[in-house]
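Here is how the chains run, residue by residue.
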Amino acid sequence: MEYIRISRTDFKTGEKRKIILPNGRELVVFYLGVDRFFVFDNKCPHLGCDLSKYGVIIKEELVCQCHFSHFSIYSGEPKKGASKKPIKVYKVQVTKDEVVISLI
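No experiment lies behind these values; they were computed from the predicted model shown. (Residues numbered from 1 in each chain as written. Predicted model: local features only at pLDDT ≥ 70, side-chain atom pairs only at ≥ 80, totals over all residues. Heavy atoms only, no water.)

J.: Talk me through the packing of aromatic side chains; I want residue IDs and the actual numbers.
T.: How two aromatic rings sit relative to each other is set out by the distance from centre to centre and by the angle between their planes. Applying the stated criterion to the full structure yields five aromatic pairs. Ring plane angle 90° and centroid distance 5.3 Å describe the contact between Phe 11 and Phe 37, whose orientation is recorded as edge-to-face. Of the two residues, Phe 11 is situated in the loop between β1 (3–7) and β2 (16–20) and Phe 37 in strand β4 (residues 37–41); the sequence distance between them amounts to 26 residues. Owing to a relative accessible area of 7%, Phe 11 belongs among the buried residues under this scheme. Measuring from centroid to centroid gives 5.9 Å for Phe 30 and Phe 40, while their planes differ by 75°, and the two rings are edge-to-face. Of this pair, Phe 30 sits in strand β3 (residues 26–31) while Phe 40 is found in strand β4, placing the two residues ten residues apart along the sequence. According to the relative accessible area criterion, Phe 30 is buried, its value standing at 4%. Connected via pairs of aromatic rings, a cluster forms that spans Phe 11, Tyr 31 and Phe 37. One Lys or Arg, Arg 17, reaches over the ring of Phe 11 and ends 3.9 Å from the middle of that ring. Over the ring of Tyr 90 we find Lys 88, and its NZ or CZ is 5.0 Å from the ring centre. (Phe/Tyr/Trp six-rings, centres within 6.5 Å; stacked < 30°, edge-to-face > 60°. Helix = DSSP H or I, 4+ residues; strand = E, 2+ residues; numbered from the N terminus. Buried < 20%, exposed > 50% of the residue type's maximum accessible area, 1.4 Å probe, protein only. Lys NZ or Arg CZ within 6 Å of the ring centre and 35° of its normal.)

Structure below.
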């Protein structure tokens, strides 16, 4: 499986949602409005906190509120806080009806 497709019409602006893949991997999808979808691994690389519960996007950073690690929403690189490891950022294509997430 190289891609997954989810309906974009169920998302409300500001919503985040956890997706569990058949292999058990967890992703978190943030919808910031218009065509702005961001997808990351759901576990913070610092201590594994659940970002569907503790993650927020502030300006251009994903912030894990467990230990206040900040990551670039574009590259996943740590910006400040406890984590020294990057978070995986998934490429997203948005069509009229779907969000296509590349898993590679």
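J.: Give a detailed account of the state of the cysteines, specifying residues and quantitative values.
T.: Applying the stated criterion across every chain yields a total of one disulfide. The residue that forms a disulfide with Cys 49 is Cys 66, at a sulfur-sulfur distance of 2.3 Å. The sign of the -115° torsion about the S-S bond sets the Cys 49-Cys 66 disulfide as left-handed. Of the two residues, Cys 49 sits in the loop between β4 and α1 (51–54) while Cys 66 sits in the loop between β6 (61–64) and β7 (69–72), which places them 17 residues apart along the sequence. Left unpaired, Cys 44 is separated from the closest cysteine sulfur, that of Cys 64, by 3.9 Å. (Disulfide = S-S within 2.5 Å.)

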